[in-house]
Amino acid sequence: MKRAGVLLLGALPVIAAGVYFAVPDDSADPADTAAASSSSSATARSTRDDAKDRAEEERAADDALIADLPPGLAAPAKKELAQQLVSSAENSTTKWRTAYGSIQDVGDGDGYTAGIIGFCTGTHDLLMLVERYTEGHPDNGLAEYLPALREVDGSDSHEGLDPGFTAAWQAEAEVPAFRAAQEEERDRVYFEPAVRLAKLDGLGTLGQFVYYDAMVFHGPDTDAEGFYGLRERAMAKARTPGQGGSEKAYLETFLDVREQAMRAKRPGIDTSRVDTAQRRFLTAGNLKLATPLVWEMYGDTYRVP
């Protein structure tokens, strides 16, 4: 999976507050200068506070809207199905719980890829996972690698990790607390933000999965190739259901944009997760992602009864 840059933790508005600094004139009264500076600072604080208040009000309104909607992909059975679908692409099995200890460098420039969702040493999310896990479990077997993980973050380097990191990861993956930590980080960084935003865009269960899988593969980033960048490009071409558009037409557009991004970054890439899975469900009109499901991934056929 591909992730780069700084991870976002949800679909929250980005607000920039401008702060202006008064440069005192030699002839100005010091008291007047101090008063002007104090007033400027107070105005800046007030602007930031107002922006924060608006953001909190907007989020509260979004929460209320989502609370009135069906659970969709967040329903336990559908969430389990989502993990099976993603795992078929990431680990070539629907038995996603067998992947806690998986770790390898697949040669994609992101360093080691590990665990149930493909946390990467080069894309910040593996570092965040180990840091958060270490806060509650300081004596874990991965804590000693934190300095090295910080150094290689953003690159494909193994410096400071070899030869022991892979064995340490596999050993820690036998610990129930670390398995739980992987699931919590998957939900916090990928699943929950994707499902939340899909619901706000008026998408049903299939659309929520489409967002989730894209978030996993492309990363929750705002650049052109990140999830939020792909969404912006899709919305420039088609209206979301929340904007009064056709759900099927919007999802077709989103998948087109996503597939183009996949091919642009890695020419010749196998786009099964889009073509013979998500498009297949969409073409069938299965917007609720109802079972039974049959899909193909890299030439293998998978079925969920």
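Structure report, in brief.

**A closer look at the environment of tyrosine 212**
Point 1. Along the chain, tyrosine 212 falls in helix α7 (residues 205-218).
Point 2. Among the residues examined, tyrosine 212 registers a relative accessible area of 0% and is labelled buried.
Point 3. In this structure, the C-alpha to C-alpha distance between tyrosine 212 and tyrosine 190, residues 22 residues apart in sequence, is 6.6 Å.
Point 4. Ignoring any residue separated from it by four or fewer positions in sequence, one finds tyrosine 212 in contact with Leu73, Ala82, Gln83, Val86, Ile117, Arg186, Tyr190, Phe191 and Ala194.
Point 5. Polar contacts involving the side chain of tyrosine 212 include one to the side chain of glutamine 83, which spans 2.8 Å.

**Thoughts on the environment of tyrosine 298**
Point 1. With respect to the helices, strands and loops of the structure, tyrosine 298 is situated in the loop between β4 (293-297) and β5 (300-304).
Point 2. Take tyrosine 298: its relative accessible area is 34%, and that puts it in the partly exposed class.
Point 3. When neighbours within four sequence positions are excluded, tyrosine 298 is seen to be in contact with Ser88, Ala89, Asp270, Ser272 and Arg273.
Point 4. Engagement of the side chain of tyrosine 298 in a polar contact is seen with the backbone oxygen of alanine 89, the distance being 3.2 Å.

**Overview of the packing of aromatic side chains**
Each aromatic ring pair is described using two quantities: the centre-to-centre distance and the angle formed by the ring planes.
Point 1. Per the counting criterion, the structure on display carries 15 aromatic pairs.
Point 2. An angle of 75 degrees between the planes, with centres 5.1 Å apart, marks the rings of phenylalanine 227 and tyrosine 228 as edge-to-face.
Point 3. You can call tyrosine 228 buried: its relative accessible area is 8%.
Point 4. Ring-pair connections join several aromatic residues into one group, and the members of that group are Tyr112, Tyr133, Tyr145, Phe165, Trp169 and Phe178.
Point 5. Directly above the aromatic system of phenylalanine 191 lies the positively charged group of lysine 79, at a separation of 5.1 Å from the ring centroid.
Point 6. Taking NZ or CZ as reference, arginine 186 lies 5.1 Å from the ring centre of tryptophan 96, over its face.

**Here we look at the nonpolar core**
Point 1. With 73 residues, the main nonpolar core has Phe165, Trp169, Tyr211, Tyr212, Phe254, Leu289 and Trp295 as its most contacted residues.
Point 2. Ignoring sequence-local partners within four residues, the contact set of phenylalanine 165 consists of Ile103, Tyr112, Thr121, Leu126, Leu142, Tyr145 and Leu149.

**Structural notes on the pattern of salt bridges**
Point 1. Following the criterion strictly, the structure yields 19 salt bridges and no others.
Point 2. Put simply, arginine 97 and glutamate 80 hold a salt bridge, and the shortest N to O gap is 3.1 Å. Of this pair, arginine 97 sits in the loop between α2 (76-90) and β1 (103-105) while glutamate 80 is found in helix α2, placing the two residues 17 residues apart along the sequence.
Point 3. Take arginine 97: its relative accessible area is 44%, and that puts it in the partly exposed class.
Point 4. Classification of glutamate 80 by relative accessible area gives partly exposed; the value is 26%.
Point 5. Ionic pairing is found between aspartate 187 and arginine 186, a salt bridge with its closest N-O pair at 2.9 Å. Side by side, aspartate 187 and arginine 186 carry an identical accessibility label, which is buried.
Point 6. Each of Asp256, Glu259, Arg263, Asp275 and Arg279 takes part in a single network of salt bridges with overlapping partners.

**A short note on the pairing of β5**
Both faces of the sheet carry side chains from a regular strand, because those side chains alternate between them.
Point 1. Strand direction decides the pairing type here: β4 and β5, joined by 5 bridges, are antiparallel. Residue pairing across strands places valine 294 opposite arginine 303, the latter belonging to β5.
Point 2. Connecting β4 to the antiparallel partner β5 that follows it, the hairpin turn spans 2 residues, and tyrosine 298 within it adopts a positive phi of roughly 55 degrees.

**Some points on the packing of helix α8 (residues 227-237) against helix α9 (residues 247-265)**
Point 1. Relative orientation of the contacting elements α8 and α9 amounts to 130 degrees, with a least axis distance of 9 Å. Classified by the angle their axes make, α8 and α9 are oblique. In this structure, α8 meets α9 at a crossing whose hand is right-handed. Along the contact surface, α8 presents Phe227, Leu230, Arg231, Arg233, Ala234, Met235 and Lys237, while α9 presents Tyr250, Thr253, Phe254, Val257, Arg258, Gln260 and Ala261.
Point 2. When its residues are assigned to classes, the contact of α8 with α9 shows 8 nonpolar, 2 polar and 4 charged.

So, how was this worked out
Residues numbered from 1 in each chain as written. Predicted model: local features only at pLDDT ≥ 70, side-chain atom pairs only at ≥ 80, totals over all residues. Heavy atoms only, no water. Helix = DSSP H or I, 4+ residues; strand = E, 2+ residues; numbered from the N terminus. Buried < 20%, exposed > 50% of the residue type's maximum accessible area, 1.4 Å probe, protein only. Contact = heavy atoms within 4.5 Å. Polar contact = N/O pair within 3.5 Å; in protein donor to acceptor, adjacent residues only side chain to side chain. Phe/Tyr/Trp six-rings, centres within 6.5 Å; stacked < 30°, edge-to-face > 60°. Lys NZ or Arg CZ within 6 Å of the ring centre and 35° of its normal. Core = buried A, V, L, I, M, F, W, Y, C linked by side-chain atoms within 4.5 Å. Salt bridge = Lys/Arg side-chain N within 4 Å of Asp/Glu carboxyl O. Pairing = 2+ DSSP bridges. Axes fitted to C-alpha atoms, helices over the stretch in contact; angles between N-to-C directions. Parallel < 35°, antiparallel > 145°, perpendicular 65-115°, else oblique. Left-handed = near helix turned anticlockwise from the far one by under 90°. Nonpolar A, V, L, I, M, F, W, Y, C, P; charged D, E, K, R; others polar.

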